[in-house]
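Observations on chain architecture
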Amino acid sequence: MKVASVLIPLPVPEAFDYEVPEALSLAHGDLARGDQVAVPLGPRLIRGVVSEVFETTGSNRRLKAIDSVLDDPPLPAGVMDFVEWAGRWTLSAPGEMAATALKGLRAPRPRPERRVRRLGERSPSRATPARTGVLETLGDRAMPPADLARAAGVSSGVVKGLIDEGVLEIIEIAAEAAFDRPDPDHAPAALNGDQAASATAMADGVAGGGFRPFLLDGVTGSGKTEAYLEAIARVLRADPAAQILILLPEIALTQALIERITARFGAAPAEWHSGVAPPRRRQVWEAVVAGRCNIVVGARSALFLPFVNLRLIVVDEEHDGSFKQEEGLVYHGRDLAVARARIEGAAVVLASATPSLETLWNAQSGRYDWLKLGARHGTAVLPDIALLDLRQNTPDPQTWLSQPLRLAIGETLLRGEQTLLFLNRRGYAPVVLCRACGHRLTAPDTDSWLVEHRYTGRLVCHLTGFSMARPKLCPSCGAEDSLVSVGPGVERVEEEVRQLFPEARTAVFSSDTAPDARSARALIQKMTDGEIDILVATQAAAKGHNFPRLTLVGVVDADLGLRGGDLRAAERTYQLLAQATGRAGRADRPGRALLQSWTPEHPVLMALAAGDRDAFVEAEMSEREVASLPPYGRLAAIILSSENAAAVEKTANDLAQAIPNAERLEVYGPADAPLALVRGRRRKRLLVRADRDVNLQAFLRAWLQRVKVPGSVRLTVDVDPYSF
Ligand code: ADP
């Protein structure tokens with residue numbers, strides 16, 4: 001009997017076996033890995049993907065039979081290998097990984113377009129001037145009826161009359177997206193020496209075939225994008241059918257890159273992220289699997305697209321924590337990009353001005369080719385960075401900008417240049433507290449403070465989206481007029497700026513004022529056009545954007561990310577502040593950055609001010625090495641959550657009792673997770689640390705098999721957690 005293992009979208013670690021009926025093979029030819037099939041599951045039919053087909057003899061298993069083979073294109077071998085590998089690596093269900101790869105098919109196709117054309121040589125029974133005009137306008141083309149009526153200057157009734165009479169016929173044209181082939185020679189750039197050498201190395205890496213990882217390392221503005229676009233041009237010249245994927249951490253960054261690629265290659269790339277309408281995503285999916293599309297710019301989920309000739313993956317801003325997906329399937333986009341490239345035998349380029357310690361470690365040890373871009377392109381120089389000691393320059397009560405920073409903003413305004421004030425806090429104030437009883441307002445079912453938003457007049461939980469009007473009385477003690485807003489968010493800093501510089505044009509850039517790609521683009525455009533003098537922004541604007549007239553960056557609270565004991569606190573702060581300060585002075589005007597801090601002697605801030613990345617990396621690496629933490633060791637987290645606190649507690653203790661024996665590996669916890677209560681669910685966490693050469697996944701699998709997790713408890717495994 002022929003049997004197929006089929007991946008179906010269920011949270012189980014294995015594929016399901018089904019019988020392959022003979023009639024099916026007769027009708028469709030032999031079933032193969034990657035084929036999409038409909039299979040029975042309980043009373044329903046669901047979509048699955050064939051993982052494997054094999055013969056069994058004498059089996060007395062009674063298997064259900066595959067219902068039918070679907071018309072949709074099979075998943076290419078590379079995607080199949082990738083989803084199965086990713087399932088094993090992240091300990092998630094391969095069927096759910098495969099379902100991610102099929103997401104593009106979930107939407108309906110865009111509706112076919114209706115057009116009219118001449119039906120043979122038939123003439124109208126009455127040749128009015130209007131009718132003759134229509135036929136002349138149309139000629140032997142096919143046009144949408146409304147366009148035709150407009151072009152001929154007649155009412156739509158005239159066109160309809162001709163259709164009714166059989167002079168014109170309606171045809172439907174399938175809306176298949178056409179992607180113009182990129183032209184590698186459309187608008188080449190003249191590269192400087194470092195850029196050209198890097199582009200050559202990357203393109204040669206692709207030409208050599210096989211897996212080739214690169215770190216493309218250069219300060220903001222050094223031309224990393226320019227260099228990888230040139231590498232892409234060379235790849236396309238050598239193989240016009242080559243496919244290239246560029247991953248970005250934020251949807252807000254895609255538009256600028258798409259415009260740059262379109263200008264460079266004379267053809268727009270495909271776009272893939274959650275902001276793209278589902279019917280369009282379906283078109284992209286179908287074009288990618290048919291090899292009709294060369295360049296895709298996307299978010300991490302684009303890694304699951306069915307490329308058939310993937311030669312190069314670029315992960316831009318590779319250090320960015322947004323590449324980590326923490327809801328649903330838990331994975332790191334950068335790590336999976338490297339895995340996909342390995343599986344496809346392709347090159348992968350990790351680009352950053354502040355690479356992650358993991359990537360630097362791989363480059364230092366020679367696993368990755370390390371391409372360095374020296375200075376900024378042209379005359380642009382890196383900004384001067386100075387620390388403002390708030391102990392000596394304390395702002396007045398209830399204000400957040402110190403005197404030297406205020407002066408610098410004033411000077412910048414006078415020169416007609418722009419200022420970016422960076423504060424990674426949305427809203428008006430991060431905490432609202434009662435002066436009478438000390439109560440801090442939190443969401444009813446979540447352990448996080450409510451953030452005051454003045455523009456919308458509400459208190460918002462940033463974790464769950466819960467919101468309420470600002471109460472008149474303290475919800476805890478009932479005192480009147482006792483609630484105060486503590487600390488600044490971007491809205492509050494903007495309020496201060498407006499009072500100080502009433503004539504300046506100010507704006508706030510955060511995920512509240514720019515919730516989607518379109519509004520982000522509009523704000524970025526205003527900034528680029530010089531219609532904003534002072535932009536107060538969270539990290540949403542700190543990344544990747546080029547503002548030629550921006551010459552001053554003020555970091556309102558440089559200590560912010562350094563508090564809290566997270567593994568990556570120092571690294572993340574360094575990266576974020578380096579990105580933010582790197583925004584200044586990108587064109588021909590020099591820039592400067594001022595960092596307000598209560599602890600300017602902190603090594604991270606000293607390294608930033610000195611522009612000494614190597615010193616920072618060295619210090620941070622040796623701390624990690626001593627503690628055997630990543631990149632010197634590996635981590636995994638197991639998070640348990642449930643509305644039933646006792647069930648979480650019990651499962652956590654069961655897990656703690658069932659830890660398999662293992663060397664060079666420790667388990668910590670169970671303890672309250674960093675967010676111990678979210679939407680009414682209690683959360684507990686166990687952490688595993690292991691030496692690099694320990695098979696962490698095998699340990700986790702063996703461990704989890706020993707414990708029965710009740711249905712009321714959700715268990716999430718996070719391999720290589722980003723925060724810790
Ligand atoms: P990065 O990706 O490292 O931040 P970009 O590639 O965006 O750097 O380059 C920064 C700016 O300098 C861009 O406006 C880019 O067009 C310009 N630039 C970089 N290299 C060149 C070059 N060789 N010729 C012309 N302009 C360049």
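About the thresholds
- Residues numbered from 1 in each chain as written.
- Predicted model: local features only at pLDDT ≥ 70, side-chain atom pairs only at ≥ 80, totals over all residues.
- Helix = DSSP H or I, 4+ residues; strand = E, 2+ residues; numbered from the N terminus.
- Rg over C-alpha atoms; globule rule 2.2 N^0.38 Å.
- Buried ≥ 20, exposed ≤ 12 C-beta atoms within 10 Å, placed from the backbone.
- Contact = placed C-beta atoms within 7 Å.
- Pairing = 2+ DSSP bridges.
- Axes fitted to C-alpha atoms, helices over the stretch in contact; angles between N-to-C directions.
- Parallel < 35°, antiparallel > 145°, perpendicular 65-115°, else oblique.
- Left-handed = near helix turned anticlockwise from the far one by under 90°.
- Nonpolar A, V, L, I, M, F, W, Y, C, P; charged D, E, K, R; others polar.
- Core = buried A, V, L, I, M, F, W, Y, C linked by C-beta atoms within 7 Å.
- Expected span 1.5 Å × (residues − 1).
- Arc of directions from axis to C-beta.

Looking at an unreviewed UniProt entry, one finds the chain named Primosomal protein N and attributed to Brevundimonas nasdae.

Regarding the overall build of the chain
Counting secondary structure elements, the chain contains 21 helices and 31 strands. Over its C-alpha trace the chain gives a radius of gyration of 29 Å, about what one expects of a compact globule, namely 27 Å for 724 residues. With respect to the three principal axes, the spread of C-alpha positions in the chain is 90 × 80 × 65 Å. Sorting the 724 residues of the chain into buried and exposed places 42% on the buried side.

Notes on the environment of Val493
Tracing the backbone through its elements, the reader meets Val493 in helix H14 (residues 490–500). Put simply, Val493 and Val556 are 63 residues apart on the chain and 8.6 Å apart in space, counted from C-alpha to C-alpha. Dropping the residues within four chain positions of it, Val493 is found in contact with Trp400, Leu421, Leu423, Pro488, Val536 and Val556.

Looking at the environment of Val490
Here Val490 shows up in helix H14. With 372 residues separating them along the chain, Val490 and Arg118 place their C-alpha atoms 61 Å apart. Look past the residues within four positions of Val490 in its chain and what remains in contact with it is Leu423, Arg425, Arg426, Val508, Ser510, Val536, Ala537 and Thr538.

Comments concerning the pairing of strand E30 (residues 681–691)
In terms of burial, E30 is largely enclosed, as 8 of its 11 residues are buried. As defined by bridge partners, strand E28 (residues 633–642) adjoins E30 across 10 bridges and the pair is classed as antiparallel. Bridging from a neighbouring strand, Ser641 pairs with Arg683 of E30. Inspection of the sheet shows strand E29 (residues 665–678) paired to E30 by 8 bridges, in the antiparallel sense. Pairing of Tyr668 across the sheet is with Leu687, part of E30.

Details of the packing of helix H4 (residues 129–138) against helix H5 (residues 145–152)
Orientation of H4 relative to H5, taken along the N-to-C sense of each, is 115 degrees, at an axis distance of 9 Å. Between H4 and H5, the angle is such that the two are roughly perpendicular. Read as a crossing pair, H4 and H5 show a hand that is right-handed. Seen from H4, the contacting residues are Gly133, Val134, Thr137 and Leu138; seen from H5, they are Leu148, Ala151 and Ala152. Here the contact of H4 with H5 is composed, by residue class, of 5 nonpolar, 2 polar and no charged.

Thoughts on unusual backbone geometry
The linkage connecting Pro630 with the following residue, Pro631, adopts the cis geometry, with an omega of 5 degrees. Tracing the chain through its elements places Pro631 in the loop between helix H19 (613–627) and E28. Of note, the bond from Gly669 into Pro670 is cis; its omega dihedral lies within 30 degrees of zero at 5 degrees. Along the chain, Pro670 turns up in strand E29.

Considerations on the sheet that holds strand E12 (residues 310–316)
Note: strands within a sheet are paired through backbone hydrogen bonds, in either parallel or antiparallel orientation. The 7 strands lie next to each other as E10-E11-E9-E12-E15-E8-E16, forming an open sheet whose pairing is parallel. Pairing within the sheet leaves two strands with one partner each, and these edge strands are strand E10 (270–272) and strand E16 (369–373). Direction aside, neighbouring strands of the sheet carry axes that sit 20 degrees apart on average. Bridge analysis of E12 against strand E15 (residues 347–352) gives 5 bridges, and the strand direction is parallel. When the bridges of E15 are listed, Asp316 appears paired with Ala351. Sheet strands touched by helix H11 (residues 333–344): strand E8 (212–218), strand E9 (243–247), E12 and E15. Its angle to E12, the strand with the most contacts, is close to 165 degrees.

Some points on the sheet that holds strand E24 (residues 506–509)
Judged by pairing direction, the sheet is parallel, and its 6 strands sit side by side in the order E17-E27-E26-E18-E25-E24 without closing on themselves. The outermost strands of the open sheet, each flanked by one partner alone, are strand E17 (384–389) and E24. Pairwise comparison of adjacent strand axes, ignoring direction, gives a mean angle of 20 degrees for this sheet. Relative to strand E26 (residues 550–555), strand E18 (residues 418–422) runs parallel, the two sharing 5 bridges. Note that in E26 the partner of Thr419 across the bridge is Leu552. Contacts from helix H13 (residues 403–414) reach E17, E18, strand E25 (534–537), E26 and strand E27 (592–597) within the one sheet, and its direction differs from that of E26 by about 165 degrees.

Points about the nonpolar core
Within the largest apolar cluster, 146 residues are counted, with the highest numbers of intra-cluster contacts made by Val348, Val349 and Leu595. If you tally residues by element for this core, the top one is helix H8 (residues 224–238), at 8 residues. Not counting chain neighbours up to four residues away, the residues in contact with Val349 comprise Met202, Phe214, Leu216, Tyr228, Leu312 and Val314. Counting 15 residues, the second largest nonpolar core, distinct from the first, contains Ala636, Ala652, Leu686 and Val713.

Considerations on helix H2 (residues 77–90)
With 14 residues, H2 ought to run about 20 Å at 1.5 Å a step, and its terminal C-alpha atoms sit 20 Å apart, in line with that. Among the residues of H2, Val79, Met80, Phe82, Val83, Ala86, Gly87 and Thr90 are the ones counted as buried. Taken around the axis of H2, the buried residues stretch over an arc of 165 degrees, which confines them to a single face. Those residues of H2 hidden inside the fold are in contact with helix H3 (94–101), strand E14 (331–332), H11 and strand E31 (714–719).

Section: the environment of Val688
Mapping Val688 onto the fold places it in strand E30. Taking the C-beta count within 10 Å as the criterion, Val688 has 24 such neighbours and is therefore assigned buried. It is 6.2 Å that separates the C-alpha atoms of Val688 and Ala637, two residues lying 51 residues apart in sequence. Leave out the neighbours within four places in its chain, and Val688 touches Leu635, Ala636, Leu665, Val667 and Leu696.

Topic: helix H10 (residues 278–289)
Along its 12 residues, H10 runs 17 Å from first to last C-alpha, staying within 8% of the 16 Å computed at 1.5 Å per residue. Against the buried residues of H10 lie E10 and strand E11 (295–298). Of the residues one or two after H10, Gly291 is the one with positive phi, at around 70 degrees.

A few points about the packing of H2 against H11
It is at 9 Å that the axes of H2 and H11 come closest, and there the two elements cross at 135 degrees. On the basis of their axis angle, the class for H2 and H11 is oblique. When you trace H2 past H11, the crossing you get is right-handed. Side by side, H2 and H11 meet where Gly78, Asp81, Phe82, Trp85 and Ala86 of the first sit next to Leu336, Ala339, Arg340, Ile343 and Glu344 of the second. For the contact of H2 with H11, the residue count by class is 6 nonpolar, 1 polar and 3 charged.

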